[in-house]
Every structure is written in C-alpha cells, then in structure tokens.
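Each chain, letter by letter, is given below.
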Amino acid sequence: MNYKLIIVDDEKVIRDGMANLVDWNSMGFTVVKTFSDGKDVIKYIENNQQVDIILADIKMTFVSGLELAKYIHDNKCNAKIVLISGFKEFEYAKKAIDYGVLHYLTKPMSLEEITKTFSAIKNELDKELEKQNNIEEEVSRFEEVRPLLIQQFFTDLVLGGLIERNLIMDRLQLIKLDIDPDTTYCCTIDVLLKKSNIGKWKYDKNQFFAAISNFIQGEHNHIQFYTIYNQEEIIKIIGLSSYYDDTQKFQESVSIHLRSILKTINSMLSVDMDIDISGVYKTIFDITKHDRLVKKTHSSTNRNNGLPIEHSDYLKLMEQQKLMMSYVNIGNFEYVSNIMDSVMKELEDIDITYVKNFIIDLFSRVFFNLHELGIDLYSINKGQVDYHKIMSMKSLTEIKLWCKQILKEIMDIVSKYQQSSQAQIIQQAKEYINNNYNLDISLEQVADKVFLSSAYFSRLFKKIEGESFTDYLIKIRIEKAMELIKNPHYKTYEICEKVGYKNSRYFSKLFKRNTGLTPSEYRKKLIKVSGEEDEE
C-alpha cells in the first residue's frame, strides 16, 4: 500500500521537479497533489481529503510551511510534515519541532538525502499503521465478546460469585457498562416458558432462546434488559434503570413493559409465557446483600432431586453449581467461596438432612466431572466423596467450612492441570456435539454436559476453538448434510431432519450460506462432477 503524499512549493520548477524526478512509488509513496501555497493544502484537508505526508517549503506567500505545520498540529490532523528550506536557522527548526515536525530538508537536496528521509518516514508510517490495525483488531475482538462479558458479569452478580464493591466496579469498567451502580435500580426476573412451546418451535433450541432474548434485551421505557441465563423453561433476566426514583414505580413499569413484550412474542411466535419478578433493588450492590431464602414446598420431588423447594429455586441452585465449577476450573477461589456462601445462605431454612444430600450430590458431580477430565483426586479421600462425614455434620456452618476446605484442596490439584483440563472440557463438548448433532441440542445443554455455566462455557469454547459454539454446531451439521446429499435416496427435508433441523427452508438457507449452493444445487454439482469423471 502506498502512502499519499502532497508536495507544496511556491516555485513551480522545484515543485514539478520533486513530483516527477523522484521515484516515489519505489519508496512506497504516491504523489496525489501538488500546491503552490499552504492555504491550498488547508482547503484540501478541510474537504476531508486523506493525506499521509506533506512535503512543504518552509516559506511561502500566504501560508508558510511552518504555519501549515501549526495548522496540522493544532487540528490534530493525521499527517506527517517534512519541511524544506534554503537555510538552516535554529528558531525555524525549534518551532517546527514544537509542531511535531521531525524531518527537515535543506536546499539544495540530494536524491540520497530524500531517499534516506522518506525511507525513515515509511518505516514510521508502517509501524503506526500496524499499531492502529492491532488496536482495531483488539476493539473488534472486544466488541465480539462484550455481550458474553456482560452476561458473565450479571451471572456472577446474581448467583453470588461477585460480592466485593471494588471488584464490581472493576468489572463494570472492563465491560464498559455506562451506569452508576449506586443510583441504578435493578430487578431480577424469571421469564417462565412452557416446555410444549419449545417443542412446537420450527427452528432449533438455540434459535428459540436467541429469538426470545432478542425481543427482551435492549432498552425499553428507560429500562435496560439483559439475559443472564436460561435453563429448561426459565429465562433469567435483569432490568436496570436510573430513570425512576421509587422502587414501586420501577417494578410496575418493568411488569407492564415485559407483559407487553410477551404479548407481542405470543402474537408473532405463538409462545405462551409469564413473568415472575424475583427481586427489586435500589442499587446494583444491593443484589449482593439479598437474603432471599429458597421457597419451601410441603414435600420433596424427584424433579428437584429430592429438595423440598420451588423448581425455579432448584434451577438457580443448579446454575450456582455450574458457575462454581467454572471458577474451580479458572482457579478463582474467592468467587468459589462467595458462591458457596450464597448457596448455604439460601438453604439455611431447609432441613439439614436435605442440605447434606444436596452437598453430597454437588461433590459427586464435581468429582465425576474432574475424573472425566483425567484429573486425579485420589489424595482427597481416595477420590471419593466422604458421605459418612457429611451425614455426621451437625450444622450448616460445619458443612460450609468443610465444603470450602475440600474445594480449596480440589482447586490446588486442578491448577496443575489447568490448560490441559480446559482443552479437555472443550474436547468433551465437541464429542457430545459430534455424537448428537442430529438432535435439537442447545448451548445450555452442552454446557450442562461439561458442568459449566453457559456464559463461561461460551467464552471458553470461543477461546479454545476460535469460533463460537453456534458456528461450530452449524459447521458440523452442514458437513454431515454434505455427506448425506451424496445418497440420492434422501430428499432435502429428510437430510434436514437427520442433521438436527426442523425447518427445511431454514436448513437450505444455512447450507447456502456455508457452501454457496442450495442443497439441490450442491447435489446437481456432485452428479455433474461424477458424470465427467465417468467419461474420463
């Protein structure tokens, strides 16, 4: 790529000679304009014309090279200046340096001097361009992962991983969320779905949850909504607003607006939903101080693994388990400890026998998951959950202290395997996808299989594979479809179903996006190529 050069000199002979006698192209420059005075350059720049470097005489009739340098400096124009003069005067050079001029040529100039100066400038411009490209790439990468970082932030906040004020402020700054946490009202909401609605959806589960989230997320009536996580028939969201000065008005506005959105979704997608506002807070920090206990029920249920609590609370506990396991893998004991505190606080009104069973189930999952990753926990009770010790404990405090001690021991071991264990987690996820691509699987389901929170799993998958979970799933399904198309007995709708899609039109659209051809066009191409090979 050549850089754009302007030559400015009030002597036409010098101006034309500089433009035509120097081989600028070989040095990486293109002369785009020549002018006789600095005022013409200023007009050129003010008309939004791009210029990378200006070679200008230091003395001209109306606007000198020095005044032009001052204009470039004062207006923060992204252009370098080389000044030419027939004399060496310290004051001129000093002023030029003040205006950011680093290169100074004196008449008469030799070709060697010009080449040396502009070669140095070319190197400077190349380095600046590379730096700018790197910055733009970093910004682009950040903007790509920012929605995941926001989701992870609110997941950590709502599930009890993020408690300390300074950490909350740091995370807000990291994700560039422009809110004042001390004056922003917030509420947590469960959007309740019916499983039958998900089954009726014509597309896959990822598309279903993405469609619902797209309707809900964004700013509505001075309230900003974000999706935190979804599990089974519940989508957990959070609403934020600094517009309201009363929690009751804020809650009413959230309820009215969300019900309006759900009505729209129902009319467009035929999906019935309801909402349950589970908490309203005057500041973001208040979420970390909430003392909401799980809602007890009169009897235990297999649906909740024996815990006598509301199903929505059980699903939240499952999310907390997965989030805790995510931070075990990362090696962040502070977050793990915070989540354990939050879990035990929410369970303090439940009979201790049920809590013990819950803890046994939790650590059974942790031990099994780490064993699957090839992590040796033999030093901790020979790699087994100590059921008898847990069942003999007398208080929640004793249980909590034991849990934290065991988790710390587990994390000390996991830290030795960290890089390989993360790669193994994603390998397990890929194997599950490769074996189940024909089913209607979602990101949340695959995250469940490797016992991680969906937000953490999504980021880890992108980090390890260099592509998103959704893109990888589509790629695998399209590759399988390309194999099936070779069989002339399969119709498009049959192939569509065999690779996990419900809607053949949507499948054909994805197939063309990834291959450049529709399934029927791809099959015709295969037949044509096969025929040509037979003729040979």
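Scroll up for the structure.
Keep in mind it's a predicted model, so treat the numbers as computed, not measured. (Residues numbered from 1 in each chain as written. Predicted model: local features only at pLDDT ≥ 70, side-chain atom pairs only at ≥ 80, totals over all residues. Heavy atoms only, no water.)

Taken together, the buried positions of helix H1 (residues 12-21) are Arg15, Gly17, Met18 and Ala19. Residues of H1 that are buried sit in contact with strand E1 (3-8), helix H2 (24-27), strand E2 (29-35), strand E3 (53-57) and helix H6 (111-158). (Buried < 20%, exposed > 50% of the residue type's maximum accessible area, 1.4 Å probe, protein only. Helix = DSSP H or I, 4+ residues; strand = E, 2+ residues; numbered from the N terminus. Contact = heavy atoms within 4.5 Å.)

Turning our eyes to something else, we now look at the layout of surface pockets. Put simply, the largest pocket is a space of about 860 Å³. In this structure, the largest pocket is lined by 29 residues; those nearest its centre are Pro147, Leu148, Gln151, Leu443 and Ser458. Counting only elements with at least two residues in the lining of the largest pocket, the list comes to H6, helix H9 (205-216), strand E8 (223-231), helix H17 (443-449), helix H18 (454-465) and helix H19 (469-485). Across the lining of the largest pocket, the residue classes tally to 11 nonpolar, 12 polar and six charged. (1 Å grid on protein atoms, 1.4 Å probe; cavity = no way out; pocket = protein on both sides within 12 Å on 5 of 7 lines; lining within 4 Å. Points joined across faces, edges and corners; volume = space filled by probe spheres on them. Nonpolar A, V, L, I, M, F, W, Y, C, P; charged D, E, K, R; others polar.)

What follows is about the pattern of salt bridges. For the structure shown, the criterion picks out 23 salt bridges. As a salt-bridge pair, Asp16 and Lys12 come within 2.4 Å of each other at their nearest N and O atoms. Of the two residues, Asp16 and Lys12 are both situated in helix H1; the distance of four residues between them amounts to about one turn of the helix. Looking at Asp16, the relative accessible area reads 25%, which means it is partly exposed. In this structure Lys12 comes out as exposed when scored by relative accessible area, which is 53%. Ionic pairing is found between Lys236 and Asp190, a salt bridge with its closest N-O pair at 2.7 Å. One end of the pair, Lys236, is in strand E9 (residues 234-241); the other, Asp190, is in strand E6 (residues 185-193), and 46 residues separate them in sequence. Classification of Lys236 as buried rests on a relative accessible area of 7%. Shared partners join several salt bridges into a network, and the residues in it are Lys80, Glu124 and Glu128. (Salt bridge = Lys/Arg side-chain N within 4 Å of Asp/Glu carboxyl O.)

Spatial ordering of the open sheet is given by E2-E1-E3-E4-E5, a layout of five strands whose pairing is parallel. This sheet does not close on itself; its edge strands, each paired only once, are E2 and strand E5 (103-106). Here the average twist between neighbouring strands, direction ignored, is 20°. The pairing of strand E4 (residues 80-85) with E5 spans four bridges and is classified as parallel. Bridge assignment links Val82 to a residue of E5, and that residue is His103. On top of the sheet, H1 reaches E1, E2 and E3; it is set at about 165° to E2, its chief contact. (Pairing = 2+ DSSP bridges. Axes fitted to C-alpha atoms, helices over the stretch in contact; angles between N-to-C directions.)

It is worth spelling out the packing of aromatic side chains at this point. Within this structure, the stated rule accounts for 20 aromatic pairs. Ring plane angle 70° and centroid distance 5.0 Å describe the contact between Phe153 and Phe154, whose orientation is recorded as edge-to-face. Judged by its relative accessible area of 0%, Phe153 falls in the buried class. Of the residues examined, Phe154 reaches a relative accessible area of 1% and is grouped as buried. Ring geometry for Phe511 versus Tyr522: centroids 5.6 Å apart, planes at 70°, classification edge-to-face. Remark: Tyr522 occurs in helix H22 (residues 519-535) and Phe511 occurs in helix H21 (residues 504-515); sequence separation between them is 11 residues. Take Phe511: its relative accessible area is 0%, and that puts it in the buried class. Among the aromatic residues, ring-to-ring pairing joins Tyr501, Tyr506, Phe507, Phe511 and Tyr522 into one connected group. (Phe/Tyr/Trp six-rings, centres within 6.5 Å; stacked < 30°, edge-to-face > 60°.)

A few words now on the pairing of E9. Counting buried positions along E9 gives eight out of eight residues, so the element sits mostly inside the fold. The two faces of E9 match: Ile234, Lys236, Ile238 and Leu240 on one face and Ile235, Ile237, Gly239 and Ser241 on the other face are all buried. The sheet contact formed by E6 and E9 spans eight bridges and is antiparallel. What sits directly across from Ile189, in E9, is Ile237.

The strands that make up a sheet are held in pairs by hydrogen bonds between backbone atoms, and each pair lies either parallel or antiparallel. Taken in spatial order, the five strands make up an open sheet running E7-E8-E9-E6-E10, and their pairing is antiparallel. Single-partner strands in this sheet number two, and they are strand E7 (218-220) and strand E10 (273-281). Between one strand and the next, the sheet's axes are offset by a mean angle of 30°, whatever the strand orientation. Taken together, the seven bridges between E8 and E9 define a ladder with antiparallel strand orientation. When the bridges of E9 are listed, Tyr226 appears paired with Ile238. Taken strand by strand, helix H10 (residues 247-269) contacts E6, E7, E8, E9 and E10, and its axis lies near 160° from that of E10.

Taken N-terminus to C-terminus, the directions of helix H11 (residues 311-330) and helix H15 (residues 396-414) make an angle of 45°; their axes are 8 Å apart at the nearest point. Looking at the two axes, H11 sits oblique to H15. Counting all contacts with H11, which are made through Met324, Tyr327, Val328 and Asn329, the residues of H15 involved are Leu407, Ile410, Met411 and Val414. The residue makeup of the contact of H11 with H15, split by class, is seven nonpolar, one polar and no charged. (Parallel < 35°, antiparallel > 145°, perpendicular 65-115°, else oblique.)

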